[in-house]
Amino acid sequence: MRSVSMLAYNLTLAMQSFKRAPSLYFLVVLTLSIGVGLLCANLALVNSMASDPIPEKSEQLFHVSMNTWPNDDPQAEPFHILRYREAMKIVSSDIPKNSAVFYASGVYARDSASPSLKRFDSSVRATTPGFFSLTNAPFAYGSGFIKSSVMEVVIGHELNQKIFTGENSVGKVLELDGELLTIVGVLKPWRLRPLFYHATEGRAFNLTDDIYAPLETSIDLGWSIHARSSSTVSYKGVKFTRDRDVFYLQAWVELENSVKKQAFQYYLDNYSQSLKDVGEHPLAIRNELRDVNAWLLEQNIVDQKVLAFTLASVLFLCVCVFNASSLLLSRFHSAKFEVGLRRAIGASNKNILMQGITESALLGVIAGLLSLLLSWLFLKLSTKFLPDLENLAVLEPKLLLLGVLLALVTAIFSALYPLYRGNRYTISAELK
Amino acid sequence: MNFATLNIKGLIKSLLLRKFTTGLLILQLAITLGLLVNSAILAFDTREKMSQPTGLDDENILIVSTHPTSGSYRDLDYYRSIVNEDLSKLNQLPGVNSVSITNQLPIRGRGMLSNTHDIDNPEQEKADKYLKDVKYTLAGEHLAEAMGFTIIEGRFLNKSDELDFDSEAKNNIVITESLKKGLYGDESAIGRETNNGIIVGVIKDIMLDPTLPRDKQYGLFMNTIMKYIFIGRFYVINVEPGQMANVRNQVSDTILAVQAERDIFDVFTMSEHLKNFYRDDQGLSDLFLLLCGLMIFVTAISSYAYSQFHISRQKKYIGIRRALGARKQDILLYVLTENWLVYTIGCALGLVMALGFNILLSQYISLSKPDMMLFLLASAVIFVAGTLATWIPAVKTSNIPPVIATRTV
Amino acid sequence: MLKMNNISRIYQSDTIQTHALRDFSLNVNAGEFVAVTGPSGSGKSTFLNVAGLLDNFDRGQYELDGVSVQGLKDDELSRLRNEKIGFIFQNYNLIPDYSIFDNVDMPLRYRGFSASERKRRVEEALEKVGLASRLKYLPSQLSGGQQQRVAIARALAGEPKILLADEPTGNLDSLMARQVMEILHDLNKGGATIIMVTHDPDQAREVSRNVQVIDGQLADFRVYAPLDRQAEQTGKNTSAVASKNVNEEVVDA
């Protein structure tokens, strides 16, 4: 009871103190909240970039890299893109619970039943059916296609909004670059941050795809490759890639435990050895399985510019704390007469300290709330200056909390020395 | 101003007596200076990158990036006929010098690449790793005029270099000067054969990939864009000086009038393309400058608070000085000098901070080393900002009446 | 040396006008030692502030060492304070961060003397008050009496025409007060003109002239000592005063 009334009393005193020097406290709050807001905005970006997009099974999903380059060019590193023949070898294995082999493409899409000729530029994931259960893609309507060579597609939420205004479009037929494909599934809004299944070529923060089409169908229709591809031979388009040395497919497998992982590694190495035996694998055998987080780390997807700026904003926060500290010092100094008086009428050092801490904590809370607003503003500003960050600029609740906490801690930290100094003024010196 | 009235030793002593506040301010100044210097470096670096010569007629090149939306274009002969009509219609626009088509633009990282070596010397690629990634551009025969290439040997591509689409014959190619040097040194390259075709011409270097060294701008051009028309994404239009705005307004309509089922992604000049390449560098440099502004603002507040706080404690002593004959300007100088002394120490420490911050930043981004000129410039900014911030308290101090001296507390 | 004629100083607050000095006139000749007494609030502090050019006045004429001060600019007043007046304050007003040397040196810097000239003068002045050996001490390391003697040295170093002392012994115990008064008397004997505000009647009685301020006016004046000696020494500077050794006080470190 006593401590509650003491707290209330301290809060009243703090409010009075604010009223006495409003511009000074305003500056303290302003500088602290700018500092915290800026840092928080940057941390939000870093957090988005460094987070685990599929925490429920990121340790069981593995990206496959192989070293099957057909000549002895010292291309040393295993490739993240594979030939069709390796991709098929992976898909045909029954060791993984799920596997997905795909490439990125793009088509123009319209509702074949619509009178309008307006077509929408749509990104395509040409993939084997295992993709949906491997990535836990969330279905709003229908389901994935079962076979790789059917004229069926799954579409994303946004495209469904654009073409069918969000209604259940399962069974409708899309015209995609002049071909008719039937919709069998529609996804819910689906965000993967980072887009782990395609983290290369600077695409880690792209949105999920508009259209998911069967791999064989896409190849047959000649939907071109919209990502890195590499080849030792010339070819006239994706239609002709199945039996050539064209590297363009990415592969993911779901392996539930280390035994299965071991088994799958063995399976790949065996395959490579069989190539070697017939002289088709001149390089050393190096097949690599990396789980989601290891793969993302390997891709260095955290933007170095943002890291550099985060570093700068840490320094800036230091400057803000120093600034708040010297402002508070001058405030507490000018209030020393009052402190002396309180001490003289029996307030203990601890009482005075508590009062000071209450005051700075209150400052911290105010600064924290203001810094939330400012970090939102800074995020908007950052994406204006660095437009690539647009899909990343999200303030998650834990960051909001972090912002308030950071403001609170910095405010109290700023007040520590001024309080220590304040408590050293002798009573008599102030009251003679 | 008469600095002889100042007791510098005394000033330093009085600074030492408030180690904490002075120390805080000095640290702030040093950090601010460190950031200021490095932000300036970033800004200058970016500016320098953007002002590098591209070897192209930047201002007068207009680019249209487009893609058909209709399935009819899967018939490549139809596709080609539309493109040919596009090109001829664009060519007829008043103010247009020439028009061409290509699969990729210069001033871009990576893109379509091919390994390249003299047909008899595949080992070249092992000695020069840049030969593995030579920019492989499919060009129309007018691309040299449209881009403003300078031919230094042989000729550019012409109609005769465009083979029948199912021909297995060797292509004729044009290469950049640095690629010629990489392959054949100072010898002539005309008539030599590479794995990608026979060289018929060499053009002066252009900036193909700004992330590569200036002398490794390896690129080759061949007249196969009509064969692979489906990757011919860019129309390149060379415009008469002064006609840019005019032409720019008409290109989209001209193209869509030929056939409407096309997506026109963007219409831009080569200088905009260059700017866009460095957009992120520019953005980062702008962000840093913004932070600098904030930092100077906060540090100025601190300088203000510092002098204000100090003066509130020194009021009495200022009064004594006045009583003993100090003029207002002596006091002004006294207060300002005290601050200047702090700034000087702050800037000196800031030099270390600037170097340290530079090293730290270069772990993440590439930036030049700090130089003395920049450091002095940044110090000047700190001094000016600091002096402005302490001006009001200093004037207020000099207005302290001497009569304070006789008041007993 | 100092001529005040019908000086008035009025303090104005929102509603009340206070006449701190009312048609105040006083003439002090060179070489005089004048004690100014009066009850508190009588205006003697205001008198000293006006006399020392620390405060301005509203009406009347004031001439200091032949210079008429009304209408002078702030900078000119500073100059006059620096060159013609030596202040001795009740609470010494030494700058605590500065050593004894630097304290005495401070007004000389504003005069623009060269370093060697300043050094000579500081040492000479401290010699006079018997503290030449404490150049490097901080004021806080000295006793009250010693501090006041430093303040006197500071006042003397600029070789002023007139010394103004505001209750110079007000903060000192009687022994130390005695020593300070002896120095002042010695200086006066050496030819210095001194005006001292005091509330100690004993001190007032010892000097050549005692004036009393009541309600902002000169009430009456009594002469306790003959004036004949001063008449011969008109215009002589305090610097001519021969120094006399003063017993050192023992200070605990």
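Computed from a predicted model, the values in this text were never measured in an experiment.

## Concerning the overall build of chain C
Step number 1: Secondary structure summary: chain C contains 8 helices and 10 strands in total.
Step number 2: Across the 253 residues in chain C, those meeting the buried criterion constitute 48%.
Step number 3: For chain C, contacts bridging at least 24 residues in sequence account for 74% of all contacts bridging at least 6.

## Quick word on the overall build of chain B
Step number 1: Assigned secondary structure in chain B consists of 11 helices and 11 strands.
Step number 2: A globule of 409 residues ought to have a C-alpha radius of gyration of about 22 Å, yet chain B, at 33 Å, is considerably larger.
Step number 3: On the principal axes, the C-alpha backbone points of chain B span a range of 105 × 50 × 35 Å.
Step number 4: Counting the 409 residues in chain B, one finds 46% classified as buried.
Step number 5: Partitioning the contacts of chain B with sequence separation of at least 6, the portion at a separation of at least 24 is 84%.

## Observations concerning the interface of chain B and chain C
Frequently, the measure chosen for interface size is the accessible area removed from exposure when the parts meet.
Step number 1: Tallying the contact residues gives 23 residues for chain B and 26 residues for chain C.
Step number 2: Looking at the side of chain B that touches chain C, the elements with two or more residues in it are α1 (8–16), α9 (279–323) and α10 (328–361) of chain B.
Step number 3: Sorting elements by how many residues they give to the side of chain B that touches chain C places α9(B) first, with 4 residues.
Step number 4: Across the side of chain B that touches chain C, the residue classes tally to 10 nonpolar, 8 polar and 5 charged.

## So, the arrangement of the chains
Step number 1: Here 2 pairs of chains are in contact, and chains A and B lead that list by number of contacts.
Step number 2: Between chain A and chain C there is no contact; the minimum C-alpha to C-alpha separation amounts to 14 Å.

## Overview of the domain arrangement of chain B
Step number 1: Parsing chain B into structural domains produces domain 1 (3–52 + 279–406) and domain 2 (70–260).
Step number 2: One C-alpha centre belongs to domain 1 of chain B, the other to domain 2 of chain B; they are set 55 Å apart.

## Quick look at the nonpolar core
Step number 1: Formed by 151 residues in total, the largest nonpolar core has its most connected members in Leu249(A) and Leu33(B).
Step number 2: Element by element, the count of residues in this core is highest for helix α9 (residues 304–334) of chain A, at 16 residues.
Step number 3: Discounting residues that sit within four places of it in the chain, Leu249(A) has contacts with Ile81(A), Leu82(A), Tyr84(A), Ala87(A), Val101(A), Phe102(A) and Tyr103(A).
Step number 4: Tyr62(C), Phe89(C), Leu164(C) and Leu187(C) belong to the second-largest nonpolar core, a separate cluster that totals 80 residues.

## Considering the packing of α9(B) against α10(B)
Residue and element names in this part refer to chain B.
Step number 1: Put simply, α9 and α10 touch, their axes get as near as 11 Å, and they point 140° apart. α10 is crossed by α9, and the crossing has right-handed handedness. Residue-level inspection shows Ser-303, Ser-307, Ile-318, Arg-321 and Arg-322 of α9 in contact with α10, the latter providing Ile-331, Val-335 and Asn-339.
Step number 2: Here the contact of α9 with α10 is composed, by residue class, of 3 nonpolar, 3 polar and 2 charged.

## Focus: helix α7 (residues 244–258) of chain B
All names here are of chain B.
Step number 1: For α7, spanning 15 residues, the distance from its first C-alpha to its last is 21 Å, which sits close to the expected 21 Å at 1.5 Å a residue.
Step number 2: The sharpest bend along α7 reaches about 35° and sits at Val-251.
Step number 3: For α7, the full list of buried residues reads Val-247, Val-251 and Ile-255.
Step number 4: Of the surrounding elements, those touching the buried residues of α7 are β1 (61–68), α3 (76–92), β2 (96–102), β10 (234–239) and β11 (262–269).

## A few points about the packing of helix α4 (residues 115–128) of chain C against helix α5 (residues 144–157) of chain C
Residue and element names in this part refer to chain C.
Step number 1: As a packed pair, α4 and α5 sit with axes 8 Å apart at the nearest point and diverge in direction by 135°. The orientation of α4 with respect to α5, classified from their angle, is oblique. Note that α4 runs across α5; the crossing there is right-handed. Contacts between α4 and α5 involve Arg-121, Val-122, Ala-125, Leu-126 and Lys-128 on the former and, on the latter, Ala-153, Leu-156 and Ala-157.
Step number 2: Looking at the contact of α4 with α5 residue by residue, the classes come out as 6 nonpolar, no polar and 2 charged.

## Examining the interface of chain B and chain A
Step number 1: If you look at the interface, chain B gives 39 residues, while chain A gives 38 residues.
Step number 2: Breaking the side of chain B that touches chain A down by element, the ones donating at least two residues are α2 (19–50), α9 and α10 of chain B.
Step number 3: With 18 residues, α9(B) is the single largest residue contributor to the side of chain B that touches chain A.
Step number 4: A per-class count over the side of chain B that touches chain A returns 22 nonpolar, 12 polar and 5 charged.

## Examining the sheet that holds strand β1 (residues 2–12) of chain C
Residues and elements named next belong to chain C.
Step number 1: Read across the sheet, 4 strands follow the order β2-β1-β4-β5 without closing on themselves; strand pairing throughout is antiparallel. Two strands in the sheet have a free side with no partner beyond their single neighbour: β2 (17–28) and β5 (67–68).
Step number 2: With 2 bridges joining them, strand β4 (residues 59–64) and β5 adopt antiparallel strand pairing. What sits directly across from Glu-63, in β5, is Ser-68.

## Observations concerning the confidence of the model for chain C
Residue and element names in this part refer to chain C.
Step number 1: Per-residue confidence for chain C averages 83 on the pLDDT scale, and 87% of its residues sit at or above 70.
Step number 2: Least confident of the elements in chain C is helix α8 (residues 228–232), whose mean pLDDT is 43; most confident is strand β8 (residues 193–197), at 93.
Step number 3: In the predicted structure, residues 224–253 sits below a pLDDT of 50 and forms 50 contacts with residues beyond four places in sequence or in another chain.
Step number 4: The ipTM value of the predicted complex is 0.82, and its pTM value is 0.81.

## Thoughts on unusual backbone geometry
Step number 1: Cis geometry marks the peptide bond from Arg193(A) to Pro194(A), where omega comes out at 0°.
Step number 2: Tracing the backbone through its elements, the reader meets Pro194(A) in the loop between β7 (179–187) and β8 (211–214).
Step number 3: The phi dihedral of Asp23(C) falls on the positive side, at around 45°, and the residue is not glycine.
Step number 4: Tracing the backbone through its elements, the reader meets Asp23(C) in strand β2.
Step number 5: With 14 C-beta atoms counted inside 10 Å, the residue Asp23(C) sits in the partly exposed group.

## Observations concerning the environment of Asp186(C)
Step number 1: Turning to its location among the elements, Asp186(C) is positioned in helix α6 (residues 174–189).
Step number 2: The spacing of Asp186(C) and Thr198(C) is 12 residues in sequence and 18 Å in space, taken between C-alpha atoms.

## Considering the pairing of β8(C)
All names here are of chain C.
Step number 1: Counting buried residues along β8, 5 of its 5 residues qualify, which places the element largely inside the surrounding structure.
Step number 2: Covered by surrounding structure in β8 are Thr-193, Ile-195 and Val-197 together with Ile-194 and Met-196, the residues of both alternating faces.
Step number 3: In the classification by handedness, the crossover that spans strand β7 (residues 162–166), the intervening α6 and the parallel β8 is right-handed.

## Quick word on the environment of Ser123(A)
Residue and element names in this part refer to chain A.
Step number 1: Looking at where Ser-123 falls in the secondary structure, it is placed in strand β3 (residues 120–127).
Step number 2: As for Ser-123 and Arg-110, which are separated by 13 residues in sequence, their C-alpha atoms are 13 Å apart.
Step number 3: Setting aside its immediate chain neighbours within four residues, Ser-123 contacts Ala-104, Gly-106, Asp-209 and Asp-210.

## Thoughts on the sheet that holds β2(B)
Each strand in a sheet pairs with another by means of backbone hydrogen bonds, the pair being arranged parallel or else antiparallel.
Residue and element names in this part refer to chain B.
Step number 1: Spatially, the 4 strands line up as an open sheet ordered β2-β10-β1-β11, and their pairing is antiparallel. Lying at the two open borders of the sheet, with one neighbouring strand each, are β2 and β11. In this sheet, neighbouring strand axes are inclined to one another by 20° on average, regardless of whether the strands run parallel or antiparallel.
Step number 2: As paired strands, β1 and β11 are joined by 7 bridges and run antiparallel to one another. Bridge assignment links Pro-68 to a residue of β11, and that residue is Arg-262.
Step number 3: Packing of α7 onto the sheet brings it into contact with β1, β2, β10 and β11, and relative to β11 it is tilted by some 170°.

## Quick word on the environment of Phe297(B)
Residues and elements named next belong to chain B.
Step number 1: For Phe-297, the position within the fold is in helix α9.
Step number 2: C-beta crowding within 10 Å serves as the criterion here: with 17 such atoms nearby, Phe-297 is assigned to the partly exposed category.
Step number 3: The spacing of Phe-297 and Leu-17 is 280 residues in sequence and 26 Å in space, taken between C-alpha atoms.

Thresholds applied
Per chain, residues are indexed from 1 in the order of the written sequence. A letter from A marks each chain and a number from 1 marks each ligand, given out in the order of writing. Local features in a predicted model are, by the rule used here, given only for residues with pLDDT of at least 70; side-chain atom pairs are given and counted only at 80 or more, and totals for whole chains, interfaces and linings are based on all residues. Runs of E in the DSSP output that reach at least two residues are strands. Runs of H or I that reach at least four are helices, and both are numbered from the N terminus. Here a residue counts as buried when 20 or more other C-beta atoms fall within 10 Å of its C-beta, as exposed when 12 or fewer do, and as partly exposed in between; the C-beta atoms come from the backbone. The contact criterion used here is simple: two residues whose C-beta atoms, placed from the backbone, lie within 7 Å are in contact. Within these notes, the globule rule equals 2.2 Å times the number of residues to the 0.38 power, and the radius of gyration is based on C-alpha atoms. As a working rule, the residues Ala, Val, Leu, Ile, Met, Phe, Trp, Tyr, Cys and Pro are called nonpolar, Asp, Glu, Lys and Arg charged, and the rest polar, with Gly in that last group. As annotated, the domain borders come from an automatic or database domain assignment. Connectivity within a nonpolar core runs through C-beta atoms within 7 Å, and the core itself is a set of buried Ala, Val, Leu, Ile, Met, Phe, Trp, Tyr and Cys residues. Note on geometry: axes are lines fitted to C-alpha atoms, helical ones only across the stretch in contact, with angles between N-to-C directions running from 0 to 180 degrees. Crossing handedness is read from the near helix: turned anticlockwise from the far helix by less than a right angle, it gives a left-handed crossing, and turned clockwise, a right-handed one. Expected span of a helix: the number of residues minus one, times 1.5 Å. What we call the bend at a residue is the angle made by axes fitted to the seven residues finishing there and the seven residues starting there. Every angle not falling under 35 degrees, over 145, or within 65 to 115 is termed oblique; those three ranges are roughly parallel, roughly antiparallel and roughly perpendicular. Here a strand pair is declared whenever DSSP counts at least two bridges between the two strands. Here pLDDT means the predictor's own confidence in every residue, given as a number from 0 to 100. Note on handedness: a crossover is taken as right-handed if, strands pointing away from the viewer, the path from the first strand over the helix to the second is clockwise.

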